[in-house]
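# Chains, contacts and geometry: an overview
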Amino acid sequence: MSRRRVVVTGLGATTPLGGDVPTTWAHLIAGKSGVRTLPEEITSQLNVAIGAPVAVEPSEVMDRVEMRRLDRSEQFALIASREAWKDAGAPEIAKERLGVVIASGIGGVITLLDSYDTLKTKGARLVSPHTVPMLMPNGPAANVGLELGARAGVHTPVSACASGAEAVGYALEMIRTNRADIIVAGGVEAAIHALPMAGFASMKALSTRNDAPEKASRPYDLNRDGFVLGEGGGVLVLEEYEHAKARGAKIYAEIAGQGLTSDGYHIAAPDPEGSGVTRAIAIALADAGLTPRDIVHLNAHATSTPAGDVAEAMHFKKHSVAMLHMLQYLQPNQ
Amino acid sequence: MALTHDAVLAGIKEIVEEVAGIPAASIEMGKNFTDDLDVDSLSMVEVVVAAEERFGVKIPDEQVTELKTVGDAVNFIVSQAK
């Protein structure tokens, strides 16, 4: 039996550039930035005054009662999943063949911190009974799973900046191994709050280009000075190829392979000499049955931090045939 | 000042609408919180805490399980507020 193939049949997002995929994409292509000055109460003690909040507040598209039981990260997950599910044509499927994998790096940190404020100022009796379901990192996946009635499994990889990508990989394997025919997969984050901001600022990881927010995130630029903390959610509907074909679904792309490795080097810094990226690319290519010459786009991490970009660029330059191949496209008359 | 049944019912309607999104018009003395109004166990905790704040009464946890209907809650609160 040949391996089950996995395709993308639905897209959903709420981002600093727009409340849905078409708006986000249009603004991205137009070169618009979602970075802006944050409210004073978040940044008053910091040397960082900027961030990238979502363009459309959940309250504009969500019922008030529903919102009060959901952490902001869960709100993003539901908004993006609803768009993706609708975009996929709200497929008919046995619930036992439907799964959800939605990642988050930090989870419901705003709920956690606000609830602790309530505990300190008003007492334990007034801590909401919804606190734990709101702060748990698997809350976004759980709420989407409940809304869709998914019964093939609801999972949440947590791996910092890689969490969302890892969710897509986990979903790929769920479909390949016949645990499910459709997975709603993606990532969410909602951590624009004084404490996570202070933590990232303390790491010296954030850009302090406060006078030009729209120019602060500038990966690979000589004058880059850190990343900008954003928020939002992005979700894909992943579907087994024959299943998608049989129902005449619109197919955006195929997920042909994945590769995952770890550096074993440092909690936050990339290994400057490491082969983690190279090995991950090699594994993904082998998994997909492709060669470096087949690659036409490489989506880098591109953090805009002084250290991260150097390590990544050097790495691609030194090790990645795919990158060298791509560079040919950047030269004229090729 | 003693609370009237009508005043407590009006307050409960507002709280349940706020917490669970159930229209006040559908909340009546005879309605069961769980079976008729679909107020789940977590939301019921919120209703109880909000009612305690609003009416200045204590509703012990062991009492909460006895408050099956809106009327049960209204009568208990009125009896405690006297």
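Residues numbered from 1 in each chain as written. Chains lettered and ligands numbered in written order. Predicted model: local features only at pLDDT ≥ 70, side-chain atom pairs only at ≥ 80, totals over all residues. Heavy atoms only, no water.

## Points about the overall build of chain A
Assigned secondary structure in chain A consists of 13 helices and eight strands. Taking the principal axes of its C-alpha atoms as reference, chain A extends roughly 60 × 50 × 40 Å. For chain A, the computed accessible surface area is about 17000 Å², with 58% contributed by carbon and sulfur atoms. For chain A, the distance from the average site of its 31 positive side-chain charges to the average site of its 36 negative ones is 2 Å. (Helix = DSSP H or I, 4+ residues; strand = E, 2+ residues; numbered from the N terminus. Areas by Shrake-Rupley, 256 points an atom, 1.4 Å probe, with all protein chains shown as cover. Lys, Arg positive; Asp, Glu negative; His and termini not counted. Charge placed at Lys NZ, Arg CZ, Asp CG, Glu CD.)

## Let's talk about the pattern of salt bridges
Residues and elements named next belong to chain A. Following the criterion strictly, the structure yields 21 salt bridges over all chains and no others. The partner of Asp 87 in a salt bridge is Lys 250, and the shortest N-O contact between them spans 2.8 Å. Taken as a pair, Asp 87 in helix 4 (residues 72-87) and Lys 250 in the loop between helix 10 (241-246) and strand 8 (253-255) lie far apart in primary sequence, 163 residues in all. One salt-bridge network, held together by shared partners, links Arg 3, Glu 173, Arg 176 and Asp 287. (Salt bridge = Lys/Arg side-chain N within 4 Å of Asp/Glu carboxyl O.)

## Here we look at a nonpolar patch on the surface
Taken together, the side chains of A:Trp25, A:Leu28 and A:Ile29 present a nonpolar region at the surface, about 370 Å² in accessible area. A residue is classified by how much of its surface remains accessible, and A:Ile29, at 58% relative accessible area, is exposed. (Patch = residues over 30% accessible without salt bridge, like charges linked within 9 Å, V, L, I, M, F, W, Y side chains within 5 Å. Buried < 20%, exposed > 50% of the residue type's maximum accessible area, 1.4 Å probe, protein only.)

## Comments concerning the environment of A:Gly107
Residues and elements named next belong to chain A. For Gly 107, the location among the structural elements is in the loop between strand 4 (98-104) and helix 5 (109-122). The exposure class of Gly 107 is buried, given its relative accessible area of 0%. Placed 81 residues apart in sequence, Gly 107 and Val 188 show a C-alpha to C-alpha distance of 8.3 Å. Apart from residues no more than four positions distant in its own chain, Gly 107 is found in contact with Asp 71, Ser 73, Leu 135, Pro 137, Glu 189 and Ala 190. (Contact = heavy atoms within 4.5 Å.)

## Some remarks on the packing of helix 1 (residues 5-20) of chain B against helix 4 (residues 70-81) of chain B
Residues and elements named next belong to chain B. Their axes nearest at 9 Å, the elements helix 1 and helix 4 cross at an angle of 125°. Our classification of the angle between helix 1 and helix 4 gives oblique. When you trace helix 1 past helix 4, the crossing you get is right-handed. Along the contact surface, helix 1 presents His 5, Val 8, Leu 9 and Ile 12, while helix 4 presents Val 70, Val 74, Asn 75, Ile 77 and Val 78. Class assignment for the residues of the contact of helix 1 with helix 4 results in seven nonpolar, two polar and no charged. (Axes fitted to C-alpha atoms, helices over the stretch in contact; angles between N-to-C directions. Parallel < 35°, antiparallel > 145°, perpendicular 65-115°, else oblique. Left-handed = near helix turned anticlockwise from the far one by under 90°. Nonpolar A, V, L, I, M, F, W, Y, C, P; charged D, E, K, R; others polar.)

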